[in-house]
Amino acid sequence: MRVRAPSIVALAAVVAGVAALPAQGAPARLRSFDSCPELVRYAQAHVERIQGPVVDRPMPMPATTAPTPDAGVKETAPAAPAADDTSATNVQEAGVDEPDVVKVLGGRYLLAVAGGRLHVVDARAATPSIVGSVQLPDGSGHELLVRGDRALVIASGPWRPVAPGRPVEPGVAADILPAGPPTTVLADVDLGDPAAPRVLRTLSFDGSPVSARLTGSTARVVTSSPPHWYVEPAERERASGWVPTATLVGRRGRTRSVRRLVPCDDVRRPATFAGPGMLSVLTVDLDRGLPAVDTDAVMTDAQTVYASPSSLYVATQRWNADGRSDTAIHRFDAATPGETTYRQTGAVRGHLLNQFSLSEHDGVLRAATTDEGADGESESFVTTLRAQDGPLEQLGQVGGLGRGERIYAVRFIGDVGYVVTFRQTDPLYTVDLADPARPRVAGELKIPGYSAYLHPVGDGLLLGVGQDADENGRLRGSQLSLFDVSDPAAPRRLHQRALGTGTSDAEWDHHAFLWWPATKLAVLPVYQPSFQGAIGFRVDARAGIDEVGRVTHDGGFAPRRSVVVGDRLLTMSDAGVEVSALDTLAERAWLPFGG
């Protein structure tokens, strides 16, 4: 990688089933293109080999994976809380923040995204109130990363329109043609005056956001962009048809620059063709704001993003001709502020569930995967890979987890991995990883139903959020389970709380779950036929799982997030923010976002 300003790390979207896979776990380094003509020739040759000559018709979109919803467990710290009495976003790794629709600014202000606006709530005032708001750039799925008095907003932008006057190929109905490629929009927001937040700059470019991470002042935004759905005849011989373009706009709406998202000679590719699109990781210094400060590129798809304090991993599922799959994993060095450097690539058997399927510990990457198998008989594995110098190569592997089942939840903590599989019962496996070259199953617990999310709630304790089930595997509704895993060889369930028919966002989105250790309070949204709201539970190894209170919002809107500020619990929905007493969840104030 050559450091440039601005800079990005990009990876390309896979056309499903286009490439034979190398030997499983075979280490490889990615190759760089020398020039734009070389990139164009490579992309065209491979696409034409697979699909026939490039014509003025939509390129097939790559298959994508939507987000679904670590000896004894130690409490994991949230990412840099603003104050001891203020909660932060529930993240996977301490010190690595993740984007969300709610953040806390300076231990006082709640920042909430709803209705395309960023709202600022003074949560510590005697009478809490919404003190300011700002309209965000057009788009959907707006999320925030915050550093000091600056916020980076990440959103799926409007689809770019196709060029007017484009001829339509005979036999293709014009009214069903796509409008153009998807876009990502980043917005640099000044929060210096909470009553008057300002959008300073926006950066928009081809592609869809995948995920992002913030370490210190450095944000790394991962996106994936297909090539132009219509490759213009004039673009076929130049990189503009294959490499996304980016537009930087200032506060007054003036376009400051339009350029290729990444230079062609900073684009890397796997040894085996993996598709013609681009996945990008934009490195942004939040102390400076937009534009990005570092760029790279690699031709491969991306579905799962995981980051430790020093590494960024991007993974994608790949298919073999025999219907089996493996997962390619690319590691980038994220230890240096303002830089992202490609280091190594490897592969593991099967596919990942989500970001919790990956974990880096003491220079070793651990990956939990499910292999569906060519005969449909699934099996799950935990694989260890060396994540230091040299290739990302396999160290050890243990299989045979949940034969005929698939993984529903994973958590790695220290030298132990916790893996939940399910079909009729819920085996909770504890995996001893103290010797990475020889991982082994230490214990197993079978109970009805399953946990979809596991959260440490004290030494040797895990709280599972999932679904209850009968002995035949028929689901009966949401449940909480408190597990004692202090002895990995003999995990046991201490308490269960069945919530009845319904689901919770916390089953597939860990940001919806709040754990407040000071009062042993767990809060999660619950959706039932007769109730939509947030429920608080006191979780204790001896006393059990007891309901503290419930929160509902006006207009039937369901709370999406919960945050603690001082002695208050703030819950946010698309309609507004409700302020409740932390000890009882009794309502203190309702703050509507308005029209």
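No experiment lies behind these values; they were computed from the predicted model shown. In every chain, residue numbers begin from 1 and rise along the written sequence. Whole-chain, interface and lining totals are the exception, using all residues; otherwise, since this is a predicted model, local features are given only for residues with pLDDT of at least 70 and side-chain atom pairs are given and counted only at 80 or more. Side-chain metrics in this entry use all non-hydrogen atoms of the structure; hydrogen atoms and water are not considered.

Asker: Give a description of the overall build of the protein chain that names residues and reports values.
Answerer: Tallying secondary structure elements over the protein chain gives one helix and 41 strands in all. Under the scheme applied here, a residue whose accessible area is under 20% of the maximum for its type counts as buried, over 50% as exposed, and between as partly exposed, the area being computed with a 1.4 Å probe on protein chains only. Taking all 595 residues of the protein chain together, the buried fraction comes to 60%. Summing over all exposed atoms, the protein chain offers an accessible surface of approximately 22,500 Å²; the carbon and sulfur share of this is 48%. Secondary structure elements are taken from DSSP: a helix is a run of H or I of four residues or more, a strand is a run of E of two residues or more, and numbering for both begins at the N terminus. Only the protein chains shown count as cover for residues, and all accessible areas are computed by the Shrake-Rupley method using a 1.4 Å probe.

Asker: Help me get a handle on the sheet that holds strand E9 (residues 183-190), residues and values and all.
Answerer: Strand pairing is assigned whenever DSSP detects at least two bridges linking the two strands. Spatially, E7-E8-E9-E10-E13-E14 is the arrangement adopted by the six strands of the open sheet, whose pairing is antiparallel. Two strands bound the open sheet, and with one partner strand each, they are strand E7 (140-147) and strand E14 (255-260). Pairwise comparison of adjacent strand axes, ignoring direction, gives a mean angle of 15° for this sheet. Here E9 pairs with strand E10 (residues 198-206) via eight bridges, running antiparallel. When the bridges of E10 are listed, Val-185 appears paired with Ser-204. Helix axes are fitted to C-alpha atoms over the stretch in contact, other axes to C-alpha atoms as well, and angles between N-to-C directions run from 0 to 180 degrees.

Asker: So what's going on with the side chain of Ser-217? Residues and values would help.
Answerer: Checked against the element boundaries, Ser-217 lands in the loop between strand E11 (208-215) and strand E12 (218-225). On the basis of relative accessible area, Ser-217 is assigned to the buried category, the value being 13%. Residues within four places of Ser-217 in sequence aside, it is in contact with Arg-147, Val-284, Asp-285, Leu-286 and Asp-287. Contact between two residues is taken to exist if any of their heavy atoms lie within 4.5 Å; hydrogens are not considered.

Asker: I'd like a rundown of the environment of His-361, residues and numbers included.
Answerer: Mapped onto the fold, His-361 is located in strand E22 (residues 358-361). Judged by its relative accessible area of 24%, His-361 falls in the partly exposed class. Considering only alpha carbons, one finds His-361 and Phe-412, 51 residues apart in sequence, at a separation of 9.1 Å. Discounting chain neighbours no more than four positions away, the residues touching His-361 are Arg-366, Gly-414 and Asp-415.

Asker: Residues and numbers for the pairing of E14, please.
Answerer: Across five bridges, strand E13 (residues 245-249) lies against E14 in antiparallel orientation. By the bridge assignment for E14, Thr-245 is matched with Arg-260. In this antiparallel pair of consecutive strands, E13 and E14, the connection spans five residues, and Gly-253 shows a positive phi of 80°.

Asker: Outline the state of the cysteines, listing residues and values.
Answerer: Note on terminology: a disulfide is the covalent bond linking the sulfur atoms of two cysteines. The disulfide criterion used throughout: a pair of cysteine sulfur atoms within 2.5 Å. In the structure shown here, the tally under the stated rule is one disulfide. What pairs with Cys-36 in a disulfide is Cys-264, and their sulfur atoms sit 2.0 Å apart. Across the S-S bond of Cys-36 and Cys-264 the torsion is about 90°, and the bridge reads as right-handed.

Asker: Help me get a handle on the packing of aromatic side chains, residues and values and all.
Answerer: Side-chain rings of Phe, Tyr and Trp, where Trp is taken by its six-membered ring, are said to pair if the distance between their centres is within 6.5 Å; with planes under 30 degrees apart they count as stacked, over 60 as edge-to-face, and otherwise as tilted. All told, the structure shown has nine aromatic pairs when counted by the stated rule. Judged by centre distance (5.7 Å) and plane angle (65°), the rings of Phe-332 and Tyr-342 are edge-to-face. With Phe-332 in strand E20 (residues 325-333) and Tyr-342 in strand E21 (residues 341-349), the pair connects residues that are 10 residues apart, well separated along the chain. On the basis of relative accessible area, Tyr-342 is assigned to the buried category, the value being 2%. When the centroid spacing of 5.9 Å and the interplanar angle of 70° are considered together, the rings of Phe-356 and Tyr-453 count as edge-to-face. Here Phe-356 is found in the loop between E21 and E22, whereas its partner Tyr-453 is found in strand E30 (residues 450-456), with 97 residues between them in sequence. Through a chain of ring-to-ring contacts, the aromatic side chains of Phe-33, Tyr-42 and Phe-273 assemble into a single cluster. In this scheme, the term charge over a ring applies when either NZ of a lysine or CZ of an arginine sits within 6 Å of the ring centre and within 35 degrees of the ring normal. Above the plane of the ring of Tyr-408 lies Arg-406, whose end atom (NZ or CZ) is 4.0 Å from the centre.

Asker: Pulling in residues and values, what's your account of the pairing of E30?
Answerer: Most of E30 sits out of view: seven of its seven residues are buried. Bridge count for E30 against strand E31 (residues 461-469) is six bridges, and the pairing is antiparallel. In the strand pairing of E31, Tyr-453 is matched with Val-465.

Asker: Residues and numbers for the confidence of the model for the protein chain, please.
Answerer: Segments scoring low in pLDDT should not have their predicted coordinates read at a detailed level. For the protein chain, per-residue confidence averages 84 on the pLDDT scale, and residues scoring 70 or more make up 83% of the total. With pLDDT under 50 throughout, residues 1-27 is counted as low confidence; its partners more than four residues away or in other chains account for 127 contacts. The predictor attaches a confidence to each residue, called pLDDT, with possible values from 0 through 100. For residues 54-81, every residue scores under 50 in pLDDT, and the model assigns this stretch 96 contacts once sequence neighbours within four places are set aside.

Asker: Summarise the sheet that holds strand E32 (residues 475-484); cite the residues concerned and give the values.
Answerer: Pairing within the open sheet is antiparallel, and its four strands lie in the order E30-E31-E32-E33. In the strand order of this sheet, the two ends are held by E30 and strand E33 (492-500), each with one partner. Taken over all neighbouring pairs, the strand axes of this sheet differ in orientation by 20° on average, direction set aside. Summarising the sheet, E31 and E32 pair through nine bridges and their orientation is antiparallel. Looking at the pairing, Gly-466 lines up with Gln-479 of E32.

Asker: Give a detailed account of the environment of Gly-533, specifying residues and quantitative values.
Answerer: By the element assignment, Gly-533 lies in strand E36 (residues 531-540). Judged by its relative accessible area of 0%, Gly-533 is buried. Between the C-alpha atoms of Gly-533 and Pro-559, which are 26 residues apart in sequence, the distance is 5.7 Å. In this view, Gly-533 contacts Leu-524, Pro-525, Val-526, Val-551 and Pro-559; residues no more than four positions away in its chain are not counted.

Asker: Provide a residue-level description of the nonpolar core, including the pertinent values.
Answerer: Within this scheme, the nonpolar core is defined by two criteria: the residues are buried Ala, Val, Leu, Ile, Met, Phe, Trp, Tyr or Cys, and they are joined through side-chain atoms within 4.5 Å. Residues Leu-463, Phe-513, Leu-524, Phe-537 and Val-539 are the most contacted members of the largest nonpolar core, which totals 20 residues. With four residues, the single largest contributor to this core is E36. Formed by 18 residues, the second largest nonpolar core is a distinct cluster that contains Leu-152, Leu-186, Val-221 and Val-284.

Asker: Lay out the pattern of salt bridges in plain terms, naming residues and giving numbers.
Answerer: When the charged atoms of two side chains lie near each other, side chains of opposite charge can form a pair. Any Lys or Arg side-chain nitrogen found within 4 Å of a carboxyl oxygen on Asp or Glu counts as a salt bridge. Enumeration according to the criterion identifies 24 salt bridges in this entry. Between Asp-190 and Arg-198 there is a salt bridge, with the nearest N and O atoms lying 2.6 Å from each other. Taking relative accessible area as the criterion, Arg-198 reaches 30% and is therefore assigned partly exposed. Through salt bridges with shared partners, a single network forms among Asp-100, Asp-509 and Arg-561.

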